[in-house]
Amino acid sequence: MSEIYNFSAGPAMLPKPVLRQMQEELVEYGNAKASVMEISHRGVDFTALAQKAEQDLRELMNIPNNYKVLFLQGGASAQFSMVPINLLRGKTKANYANTGHWSVKAIAEARRYAEVNICTDSTANNFTDIEDFSDWQIDEQAAYLHYTPNETIAGLEFDYVPEVDMPLVADMSSAILSREIDVSKFGVIYAGAQKNIGISGLTIVIVREDLIGDVVAKQPVLFDYATQANNDSMYNTPATYPWYVAGRVFEWLKDQGGIGAIEAINKRKAQKLYQAIDASGFYSNPVNPKYRSWMNVPFILADDSLNQLFLEKSYNANLLTLKGHKSVGGMRASIYNAMPESGVDTLIEFMTDFEKQYG
Ligand SMILES: *Cc1c(COP(=O)(O)O)cnc(C)c1O
């Protein structure tokens, strides 16, 4: 039987060695005489695991000491609220870049707390391009600038970090750990775990310390970064199993040689897939090549009526979850860190054969 490759956008494929380790450790974790799911988050075994996971992430991303790393629940979507609640700090306005589906959601939530200035808007080009940064209309009086470095649905990804004189906030749910970044350029980075970190139920927040501790009045205590930071993300019971899985993924990433090494593989995977799409007369991707995502590769077939056949045949060839998001149509191959290069090679072979037969 050929290997199975899962191109799901999220929850997404996990590294095989991590899955095997989870299986081995499921019933008895280390010396705990119980499953990691059955032990107290305040006991020695879990505390050690939690601290090691944070330390490994700090090493991997080279996170400066003046940043807190929080392990929260509520998904990236909870951060759509927590960001304005914590970062407005007496101001009334916030800048938001609108480059896709997740930007739209973040903006809608921010509008409940702030006057939102849309500093750039890719709606008119269907989220296939990003306006030149020099043309953005940034409100200098606003409290922060929020953007989405990788838009998971349209496959639109920044190839640079915007430089602004205010805290920069990034929803990195589908881009974190995929390439090297300079954390010191950001005020807040957040990411749901189910794409590149591990399994759903955990959200990582990396926040600069001076931005903690001045929240909008009368908000839930759990939504205050200070509550979370002052209690090492254990004000209440954290998502213990997702935290454990994240720790195993971080160890796996270190074994791969760290972010620099995985970045080189990610770049190669994306380049060969886009090359195959561009070289064919049958598949196409509408995104400006400069801003094509390394993690999420949408493509459409020249003939829509072949979509169902493509999905059936690819599924039978052990290439899973290639159906595109309904707003874009066609297919989408999500190729996060856990997707081996052989998965991309196998997909390209399949696509080439399919085009020969039906194109
Ligand atoms: C998946 C995703 C989200 C949503 O995350 P939840 O954890 O479901 O709230 C938000 N932003 C981006 C960029 C995503 O890819």
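Small disclaimer: the values here were computed from a predicted structure and weren't measured.

Note that Trp-294 resides in the loop between strand S11 (283–284) and strand S12 (296–301). When the C-alpha atoms of Trp-294 and Glu-312 are compared, they prove to be 25 Å apart, with 18 residues separating the residues in sequence. Residues in contact with Trp-294, not counting those within four places in the same chain, are Glu-157, Arg-179, Glu-263, Asn-266, Lys-267, Ala-270 and Ile-335.

In this section: the site of the ligand. What surrounds the ligand is a group of 13 residues, the closest being Ser-77, Thr-152, Asp-171, Gln-194 and Lys-195. At a separation of 3.1 Å, an oxygen atom of the ligand approaches a polar backbone atom of Ala-76. Bound to the protein, the ligand loses 86% of the 390 Å² it would expose on its own. The greatest single-element share of the shell around the ligand, amounting to four residues, is contributed by helix H3 (residues 75–87).

Of the two faces of strand S14 (residues 331–334), the one lined by Met-331 and Ala-333 and the one lined by Arg-332 and Ser-334 are each fully buried. By the bridge criterion, four bridges tie S12 to S14 in an arrangement that is antiparallel. Looking at the pairing, Val-297 lines up with Ala-333 of S14.

Okay, the UniProt feature "binding site: pyridoxal 5'-phosphate" (unreviewed entry) in the protein chain next. The sites that UniProt annotates as "binding site: pyridoxal 5'-phosphate" (unreviewed entry) are Ala-76, Ser-77, Trp-102, Thr-152, Asp-171, Gln-194, Asn-236 and Thr-237. On the basis of their most widely separated C-alpha atoms, the annotated residues across 162 residues do not gather in one place, lying as much as 30.7 Å apart. Within the secondary structure, Ala-76 sits in helix H3. By relative accessible area, Ala-76 is classed as buried at 14%. In contact with Ala-76, not counting residues within four places along its chain, are Asp-171, Ser-173, Tyr-190, Gly-192 and Thr-203. Along the chain, Thr-152 turns up in the loop between strand S6 (150–151) and strand S7 (156–157). Sequence-distant contacts of Thr-152, that is, excluding residues within four places in its chain, are made with Ala-9, Trp-102, Ser-174, Asn-296, Arg-332 and Tyr-336. At 2.7 Å, the side chain of Thr-152 forms a polar contact with the side chain of Ser-174.

What follows covers the UniProt feature "binding site: L-glutamate" (unreviewed entry) in the protein chain. Annotation from UniProt places "binding site: L-glutamate" (unreviewed entry) at Arg-42. Considering the arrangement of structural elements, one finds Arg-42 in the loop between helix H1 (16–25) and helix H2 (44–61). Ignoring any residue separated from it by four or fewer positions in sequence, one finds Arg-42 in contact with Thr-47, Met-234 and Tyr-235.

Moving on to the sheet that holds strand S10 (residues 203–208). If you walk across this open sheet you meet the seven strands as S2-S10-S9-S8-S5-S3-S4, and the pairing is mixed. Edge positions in the sheet fall to strand S2 (67–72) and strand S4 (115–121), since each of these pairs with one other strand and no more. Put simply, the sheet's adjacent strands are angled 15° from each other on average, direction ignored. In the packing of H3 onto the sheet, contacts are made with S2, strand S3 (93–98), strand S8 (168–171), strand S9 (188–192) and S10, and the angle to S9 comes to roughly 160°. Together, S3, S4, strand S5 (145–147) and S8 form the strand contacts of helix H4 (residues 101–110), whose direction differs from that of S3 by roughly 160°.

With five of six residues buried, S3 lies mostly within the body of the structure. Here S3 runs beside S4; their pairing, made up of six bridges, is parallel. Its bridge partner lying in S4, Asn-95 is registered against Asn-117. The handedness of the S3 to S4 crossover, carried by H4, is right-handed. Relative to S5, S3 runs parallel, the two sharing two bridges.

Attention now moves to the packing of aromatic side chains. Tallied over the entire structure, the rule returns 20 aromatic pairs. Judged by centre distance (6.0 Å) and plane angle (75°), the rings of Trp-136 and Phe-158 are edge-to-face. On the criterion of sequence distance, the pair formed by Trp-136 in the loop between S4 and S5 and Phe-158 in the loop between S7 and S8 is long-range, its members being 22 residues apart. The two residues Trp-136 and Phe-158 agree in class, both being buried. The interplanar angle of 35° and the centroid separation of 5.1 Å between the aromatic rings of Tyr-241 and Tyr-244 together place this pair among those described as tilted. Here the residue Tyr-241 and the residue Tyr-244 both occupy positions in helix H6 (residues 240–255), the gap between them amounting to three residues, near one helical turn. Taking relative accessible area as the criterion, Tyr-241 reaches 13% and is therefore assigned buried. Taking relative accessible area as the criterion, Tyr-244 reaches 2% and is therefore assigned buried.

Time to look at a negative patch on the surface. A surface patch of negative charge is lined by Asp-121, Glu-131, Asp-132 and Asp-135. Mapped onto the elements of the fold, Asp-135 is located in the loop between S4 and S5. On the basis of relative accessible area, Asp-135 is assigned to the partly exposed category, the value being 42%.

Further remarks concern the sheet that holds S14. Ordered by their spatial adjacency, three strands build an open sheet running S11-S12-S14, and the pairing between neighbours is antiparallel. Every other strand in the sheet has two partners, leaving S11 and S14 as the edge strands with one partner each. Pairing geometry for S11 and S12, over two bridges, is antiparallel. Bridging from a neighbouring strand, Ser-284 pairs with Ile-300 of S12.

About the criteria used
Residues numbered from 1 in each chain as written. Predicted model: local features only at pLDDT ≥ 70, side-chain atom pairs only at ≥ 80, totals over all residues. Heavy atoms only, no water. Helix = DSSP H or I, 4+ residues; strand = E, 2+ residues; numbered from the N terminus. Contact = heavy atoms within 4.5 Å. Near = heavy atom within 4 Å. Polar contact = N/O pair within 3.5 Å; in protein donor to acceptor, adjacent residues only side chain to side chain. Areas by Shrake-Rupley, 256 points an atom, 1.4 Å probe, with all protein chains shown as cover. Buried < 20%, exposed > 50% of the residue type's maximum accessible area, 1.4 Å probe, protein only. Pairing = 2+ DSSP bridges. UniProt positions renumbered as here; feature names shortened; annotations may be inferred. Axes fitted to C-alpha atoms, helices over the stretch in contact; angles between N-to-C directions. Right-handed = clockwise from strand over helix to strand, strands pointing away. Phe/Tyr/Trp six-rings, centres within 6.5 Å; stacked < 30°, edge-to-face > 60°. Patch = residues over 30% accessible without salt bridge, like charges linked within 9 Å, V, L, I, M, F, W, Y side chains within 5 Å. Salt bridge = Lys/Arg side-chain N within 4 Å of Asp/Glu carboxyl O. Lys, Arg positive; Asp, Glu negative; His and termini not counted. Charge placed at Lys NZ, Arg CZ, Asp CG, Glu CD.

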